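As a plain string of letters, each chain reads:
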Amino acid sequence: MEHNQRPEVPKAGRTVTHKVLSLLTTFEEPRRSFTLTELAEAAQIPLSTAHRLVSELVEWEFLSRTPQGRYQLGLRLWEMGQNVGRQLRETARPFIQDLYSFTGETSQLAIRDGREVLYIDRVYGTERVPRASRVGGRLPMHSTAVGKVILAFEEDWLSEAYLRQPLDQVAPRTVTNPGLLAEQLEQIRTEGFSVTNEEQRPGACSIAVPVFHTGRIGSSIGLVVASEKAGTLTRHLATLKGISERIEAATARIPLETLLGSHR
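Note that residues are indexed from 1 along each chain, following the sequence as it is written. Per-residue local features are limited, in this predicted model, to residues with pLDDT of at least 70; the limit for side-chain atom pairs, both in listing and counting, is 80 or more; totals at the level of whole chains, interfaces and linings are taken over all residues. With hydrogens and water set aside, each side-chain value is computed from the structure's full complement of heavy atoms.

- If you look the protein up in an unreviewed UniProt entry, it shows as IclR family transcriptional regulator from Brevibacterium epidermidis.

Dropping the structure here:
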């Protein structure tokens, strides 16, 4: 199930847990704050119930209330979210910073989370490039270079299952033909890297390489640059592959499941 989809549960049979999660997942939307009425409508629960549950979430610091009376995510959720991929992120962080230092381009580290890639670290370049995601954000695997690399080197059953599902058109140039995507994945396996050009967002292109963990795909690292620099992407390949090898060496003694947590 995609992260922005909610389980279909009859309203009469919804538990308190389901209602609370419906309130919290409302904040997956790009908007950062909501009124109580907006939260109740989005979660499809009575206003009185929303008021009680939201008040408890504020008390537990999972939500906070602005001076204008709107609600936003609280610091406690942010603190808990930092534990996702923490060991990989903390180990790889110096290398991602090196990647930025050597290239001057926005550098990122991503892992697979279901059918999506989850960005767990990023160092922003000084150049203005359309941003499609942020640390903690998720994007479809087939529209991103980091995602395609992971998909290409995952087990055959996983990539085959992915290709059988509908491929969302997230930008005009997104590849949505499963046959074409399968050809691209085969090329990535052969060449060892992936390049995308405005497949996630117009104005941005990217290049990525896999990061293996004792022979298994663990994550991927990549660069995002402005579209007019698409023709220069491959000049960063040697740097990307060198950084990938350094991350692999630094994490070799850590079990993959420990490294990635539940995101596998």
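### A look at the packing of aromatic side chains
Consideration 1: Any two of the Phe, Tyr and Trp rings considered here, Trp counted by its six-membered ring, make a pair once their centres fall within 6.5 Å; the pair's planes then place it as stacked at under 30 degrees, edge-to-face at over 60, or tilted in between. Going through the model one piece at a time under the given rule, you end up with two aromatic pairs.
Consideration 2: With 5.2 Å between their ring centres and 90 degrees between their planes, Phe27 and Phe34 make a pair best called edge-to-face. Phe34 carries the same exposure label as Phe27, and that label is buried.
Consideration 3: Only Lys NZ and Arg CZ are tested; either one counts as a charge over a ring when it is within 6 Å of the ring centre and within 35 degrees of the ring normal. The residue whose ring lies beneath Arg115 is Tyr162, and the NZ or CZ to ring-centre distance is 4.4 Å.
Consideration 4: It is Arg122 that lies over the ring of Tyr119; its NZ or CZ is 5.1 Å from the centre. Using a 1.4 Å probe on the protein chains alone, a residue whose accessible area is under 20% of its type maximum counts as buried, one over 50% counts as exposed, and one in between counts as partly exposed.

### Describing the sheet that holds strand S4 (residues 116–123)
Consideration 1: For two strands to be treated as a pair, DSSP must find no fewer than two bridges joining them. The numbering of helices and of strands both runs from the N terminus, where a helix is a DSSP run of H or I of at least 4 residues and a strand a run of E of at least 2. The strand order S5-S4-S3-S8-S7-S6 describes an open sheet built from six strands, whose pairing is antiparallel. Two strands lie at the open edges of the sheet, namely strand S5 (138–140) and strand S6 (194–197), each paired on one side alone. On average, each strand axis in the sheet is inclined to that of its neighbour by 30 degrees, with strand direction left out of account.
Consideration 2: Here strand S3 (residues 106–113) pairs with strand S8 (residues 216–226) via five bridges, running antiparallel. Opposite Ala110, over in S8, you have Ser220 as the bridge partner. Only the stretch in contact is used when a helix axis is fitted, and all axes are lines through C-alpha atoms; the angle between N-to-C directions ranges over 0 to 180 degrees.

### Considering helix H6 (residues 145–153)
Consideration 1: Where burial is concerned, most of H6 is hidden: eight out of the nine residues are buried.
Consideration 2: Inspection of H6 places Ala145, Val146, Gly147, Lys148, Val149, Ile150, Leu151 and Ala152 among the buried residues, and these make up the whole buried set.
Consideration 3: As used in this structure description, the phrase polar contact means that two N or O atoms lie within 3.5 Å; if the pair is within protein, one of them must be able to donate a hydrogen and the other to accept it, and residues adjacent in sequence are counted only when both atoms belong to side chains. The backbone nitrogen of Gly147 lies 3.0 Å from a side-chain oxygen of the residue at the head of H6, namely Thr144.

### Examining helix H9 (residues 237–250)
Turn by turn, an α-helix covers 3.6 residues, leaving residues three or four places apart pointing in a common direction.
Consideration 1: Between its first and last C-alpha, H9 extends 20 Å over 14 residues, near the 20 Å set by a 1.5 Å rise per residue.
Consideration 2: Buried residues of H9: Leu237, Leu240, Ile243, Ser244 and Ile247, and no others. Across the axial projection of H9, the buried residues extend over an arc of 130 degrees, all falling on one side. Away from the buried face of H9 by more than 90 degrees, exposed residues Ala238, Glu245 and Ala249 are located. Residue count minus one, scaled by 1.5 Å, sets the expected span of a helix. For this quantity, the arc is that covered by the directions from the helix axis to the C-beta atoms.

### Considering the packing of helix H2 (residues 36–43) against helix H3 (residues 47–59)
Helix-helix packing is described using two parameters, namely the angle between the two axes and the distance between the axes.
Consideration 1: Look at H2 against H3: their axes get within 9 Å of each other, and the N-to-C directions meet at 110 degrees. On the basis of the axis angle, H2 is roughly perpendicular to H3. Contacts between H2 and H3 involve Leu36, Thr37, Leu39 and Ala40 from the first element and Leu47, Ala50, His51 and Val54 from the second.
Consideration 2: Only Asp, Glu, Lys and Arg are considered charged, only Ala, Val, Leu, Ile, Met, Phe, Trp, Tyr, Cys and Pro nonpolar, and every remaining residue, Gly among them, polar. Its residues assigned to classes, the contact of H2 with H3 comprises six nonpolar, two polar and no charged. For classification, angles of less than 35 degrees are called roughly parallel, those exceeding 145 degrees roughly antiparallel, those between 65 and 115 degrees roughly perpendicular, and all remaining angles oblique. In this analysis, two residues are considered to be in contact whenever any of their non-hydrogen atoms come within 4.5 Å of each other.

### Some details on the packing of helix H7 (residues 156–163) against helix H8 (residues 178–191)
Consideration 1: In contact at an axis separation of 10 Å, H7 and H8 are set at 150 degrees when each is read in the N-to-C sense. When the interaxial angle is binned, H7 and H8 end up roughly antiparallel. Between H7 and H8 the crossing geometry is right-handed. The segment H7 lies against H8, with Ser159, Tyr162 and Leu163 engaging Pro178, Leu181, Ala182 and Arg189.
Consideration 2: Considering only residue class, the contact of H7 with H8 consists of five nonpolar, one polar and one charged. Helix crossings are classified by the rotation of the near helix relative to the far one: an anticlockwise turn of less than a right angle makes the crossing left-handed, while a clockwise turn makes it right-handed.

### Here we look at the pattern of salt bridges
Should the charged atoms of two oppositely charged side chains come close, the side chains can pair.
Consideration 1: The rule for a salt bridge is simple: a side-chain nitrogen of Lys or Arg has to be within 4 Å of a carboxyl oxygen of Asp or Glu. Scanning all chains against the criterion turns up nine salt bridges.
Consideration 2: Asp98 is paired through a salt bridge with Arg246; the nearest N and O atoms lie 3.2 Å apart. With a gap of 148 residues between them, Asp98 in helix H5 (residues 86–103) and Arg246 in helix H9 connect regions that are remote in the sequence.
Consideration 3: By relative accessible area, which is 23% here, Asp98 ends up partly exposed.
Consideration 4: In this structure, Lys148 engages Glu199 in a salt bridge whose closest nitrogen and oxygen atoms are separated by 2.7 Å. With Lys148 in helix H6 and Glu199 in the loop between S6 and strand S7 (204–213), the pair connects residues that are 51 residues apart, well separated along the chain. Across this residue pair, the class does not change: Lys148 and Glu199 are buried.

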